[in-house]
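Per-entry structural report
Below, each chain spelled out in residue letters.
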Amino acid sequence: MRIILTLLIILTSIEAVAALEKEMSFRVGSACDGNGSICAPRIYAEGVIQLNTIDIFNSFFQKNKNELPETPIVSFDSIGGNLVGGMKLGKAIRQLNLDTQLVGQQHCASACSLAFLGGVRRTFEEEGVLGIHRFYSTQGNIGDDTTQVAIVLIANYIQSMDVDRKLLDIASLVPADDILWLSPEQLQALNIDNTNPKISEWRIDTLENGVPFVKTTISLYSNRLQADYIVLPSGNDLILKIIFTASPHIIEKFESFMSTSDNVYIYADDMNEPIFKSDINWQLSDNNTKAITSVKLPRSFITEIPEQGNLTTGFSGNKFALDLAYYFSFKASLFKNYLKTIAEGNR
């Protein structure tokens, strides 16, 4: 307990040239003129993060939430500040289910980078950049025990935000008086930019009645959006069932998605035409949290799958599908072998 209390005291003194910058403040503004979602009002967070920034933010949000869309974006422009304050702000952003974004010439470094991780959906537009470095204390050497506790607390926070713990390892190699500005490739590899989907391996299983099936799951934005792809045998053919699941506050997007996403396709590498394409009809579940469709895959489809390379599947005609990144690739050979297994097992 003594180490934890000491740690909190020390970390609250970690300031990024606070004397030279104003404390963080918040305002509602728009990134552009227009009626599109990209121009919707957002929260601008500007200045140095303090330990009490969380109180200022909570008060601001309660007063201004009616001016904001269902899923507000927080746009940061900050060189850092208080480490504990940054993690507290990030936790509040996650609890409120907000997104974070860096646009234009915005920078977010040091403690700000931790606050930024709180966004459910984290994006970077134009030249917005995020910087990291080793944490430090203005009180000098804090001792090995306190340092280890600090590392554990930061690591747990990073992992709770669905970000690779390697972020902390990389930051520890950067001197405290320097900043490493992460490249777009690093942001994606560490899942800070989490617009790329997480795709599970195809797996084979059986229903309670013994019927085999093949399934993969795709999740995006800390599981705010998810898609399950399931292939089942049906007589002499196969059935591809697709289930989209979304948190309640973005359900309205399903209506647009269902009305304009009119077919599903599967491409093989280096082929201009899909090896499978079908019209689709979507249905909403009773609680309006799922969009579901089923299409028939002829058994002959299995023979069309190449022995090597990848397959890519997706939808046409809808920006929402592009936003979900449900254009994903997977190994053709494994998928083909699994389909053979369930087709033969159903004869």
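In this text, all values refer to a predicted model and were calculated from it rather than measured experimentally. Note that residues are indexed from 1 along each chain, following the sequence as it is written. Only residues with pLDDT of at least 70 get local features here, since the model is predicted, and only at 80 or more are side-chain atom pairs given and counted; chain-wide, interface and lining totals rely on the full set of residues. Each side-chain value is worked out from all heavy atoms of the structure, with water and hydrogens disregarded.

Phe76 and Ile192 are the most contacted members of the largest nonpolar core, which has 43 residues in total. Each helix corresponds to a stretch of at least 4 residues labelled H or I by DSSP, and each strand to a stretch of at least 2 residues labelled E; elements are numbered beginning at the N terminus. Elements with a minimum of two residues in this core: strand 2 (42-46), helix 2 (53-64), strand 3 (73-77), helix 3 (83-95), helix 4 (111-116), strand 7 (129-132), helix 5 (144-160) and helix 6 (166-172). Whether two residues touch is decided by their heavy atoms; if any such pair falls within 4.5 Å, the residues are in contact. Ile192 has contacts with Phe116, Leu117, Arg122, Phe124, Leu130, Val163, Leu167, Leu182 and Leu187, leaving out every residue within four places of it along the chain. Counting residues in hydrophobic clusters, the runner-up holds 32 residues, among them Val214, Ile218, Phe276 and Phe335. Residues belong to one nonpolar core when they are buried, are Ala, Val, Leu, Ile, Met, Phe, Trp, Tyr or Cys, and are joined through side-chain atoms within 4.5 Å. Summary of the burial criterion: residues with accessible area below 20% of their type's maximum are buried, those above 50% are exposed, and those between are partly exposed, where the area comes from a 1.4 Å probe applied to protein chains only.

Right, let's get into unusual backbone geometry. Here the phi dihedral of Asn97 falls at roughly 65 degrees; this positive angle occurs in a residue that is not glycine. By the element assignment, Asn97 lies in the loop between helix 3 and strand 4 (99-102). You can call Asn97 partly exposed: its relative accessible area is 25%. At Asn191, a residue that is not glycine, the phi angle is positive and equals roughly 65 degrees. In this structure, Asn191 sits in the loop between helix 7 (184-189) and strand 9 (198-199).

This paragraph deals with the state of the cysteines. Any pair of cysteine sulfurs within 2.5 Å is marked as a disulfide. Evaluated as defined, the whole model comprises one disulfide. Across the disulfide, Cys108 is cross-linked to Cys112 (sulfur-sulfur distance 2.0 Å). Handedness here is read from the sign of the S-S torsion; for Cys108 and Cys112, about -110 degrees, the answer is left-handed. The class of Cys108 is buried, set by a relative accessible area of 0%. Cys112 gets classed as buried once you look at its relative accessible area, which sits at 0%.

All right, on to helix 3 then. Expected helix span is given by 1.5 Å per residue-to-residue step, counting one fewer step than there are residues. The terminal C-alpha atoms of helix 3, which comprises 13 residues, lie 19 Å apart, in line with the 18 Å expected from a rise of 1.5 Å per residue. The N-cap residue of helix 3 is Asn82: its side-chain oxygen and the backbone nitrogen of Val84 are 3.1 Å apart. Of the residues trailing helix 3, Asn97 is marked for its positive phi of about 65 degrees. Within 3.5 Å is the distance limit for a polar contact, defined as a pair of N or O atoms, with the added protein rule that one can donate a hydrogen and the other accept it, and that residues adjacent in sequence qualify only through two side-chain atoms.

What follows is about the pattern of salt bridges. In the sections that follow, a salt bridge refers to a side-chain nitrogen of Lys or Arg positioned within 4 Å of a carboxyl oxygen of Asp or Glu. Per the stated rule, a full pass over the model turns up three salt bridges. Ionic pairing is found between Arg165 and Asp169, a salt bridge with its closest N-O pair at 2.7 Å.

By the secondary structure assignment, His133 is in the loop between strand 7 and helix 5. You can call His133 buried: its relative accessible area is 13%. At 2.8 Å, the side chain of His133 forms a polar contact with the backbone oxygen of Ala176. Among the polar contacts listed, one links the side chain of His133 to the backbone oxygen of Asp178, at a separation of 3.1 Å. Each residue touching His133, except ones within four places of it in the same chain, is listed here: Ser110, Ala171, Val174, Pro175, Ala176, Asp178 and Ile179.

Mapped onto the elements, Gln106 comes out in the loop between strand 4 and strand 5 (107-109). Look at Gln106 and you get buried, because its relative accessible area is 8%. Look past the residues within four positions of Gln106 in its chain and what remains in contact with it is Tyr44, Ser75, Phe76, Asp77, Gln101, Glu127, Gly128 and Val129.

Given a rise of 1.5 Å per residue, twelve residues ought to cover 16 Å, and the 16 Å separating the end C-alpha atoms of helix 2 matches this to within 8%. Within helix 2, the full set of buried residues consists of Thr53, Ile54, Phe57, Phe60, Phe61 and Asn64. Down the axis of helix 2, the smallest arc covering the buried residues is 125 degrees, so these residues share one side. Set apart from the buried face of helix 2 by more than 90 degrees, the exposed residues are Asp55 and Lys63. Comment: arc refers to directions from the helix axis out to C-beta atoms.

Strand pairing requires that DSSP identify at least two bridges connecting the strands. What the five strands build is an open sheet, ordered 1-2-3-4-6; its pairing is mixed. Single-partner strands in this sheet number two, and they are strand 1 (25-29) and strand 6 (122-124). Shown here is a sheet whose adjacent strand axes are inclined to one another by a mean of 25 degrees, direction ignored. For strand 4 and strand 6, the ladder comprises three bridges, and the chain directions are parallel. Its bridge partner being in strand 6, Leu102 is matched across the sheet by Phe124. Every angle, taken between N-to-C directions, lies between 0 and 180 degrees, and every axis is a line fitted to C-alpha atoms, over only the stretch in contact when it is a helix.

On to the packing of aromatic side chains. Note on ring pairs: Phe, Tyr and Trp rings are taken, using the six-membered ring of Trp, and paired if centres are within 6.5 Å. Classes follow the plane angle, with under 30 degrees stacked, over 60 edge-to-face and the rest tilted. Enumeration according to the criterion identifies eleven aromatic pairs in this entry. Aromatic pair Trp202 and Phe335: ring centres 4.6 Å apart, planes at 45 degrees, arrangement tilted. Residue Trp202 is located in the loop between strand 9 and strand 10 (203-206), and its partner Phe335 is located in helix 11 (residues 332-345); the two are separated by 133 residues in the primary sequence. Taking the relative accessible area as the measure of exposure, Trp202 reaches 6% and is therefore buried. Take Phe335: its relative accessible area is 3%, and that puts it in the buried class. Taken together, a centroid distance of 5.7 Å and an interplanar angle of 65 degrees make the contact between Phe276 and Phe301 edge-to-face. Of this pair, Phe276 sits in strand 15 (residues 276-279) while Phe301 sits in helix 9 (residues 301-304); the two residues are 25 residues apart in sequence, bridging distant segments of the chain. Both residues of the pair, Phe276 and Phe301, count as buried. Put simply, the rings of Phe26, Phe57, Phe60 and Phe61 pair up and form one aromatic cluster. The aromatic ring of Tyr44 is capped on one face by Arg27, whose charged end is 4.3 Å from the ring centroid. A ring is scored as having a charge over it whenever the NZ atom of a lysine or the CZ atom of an arginine sits within 6 Å of its centre and within 35 degrees of its normal.

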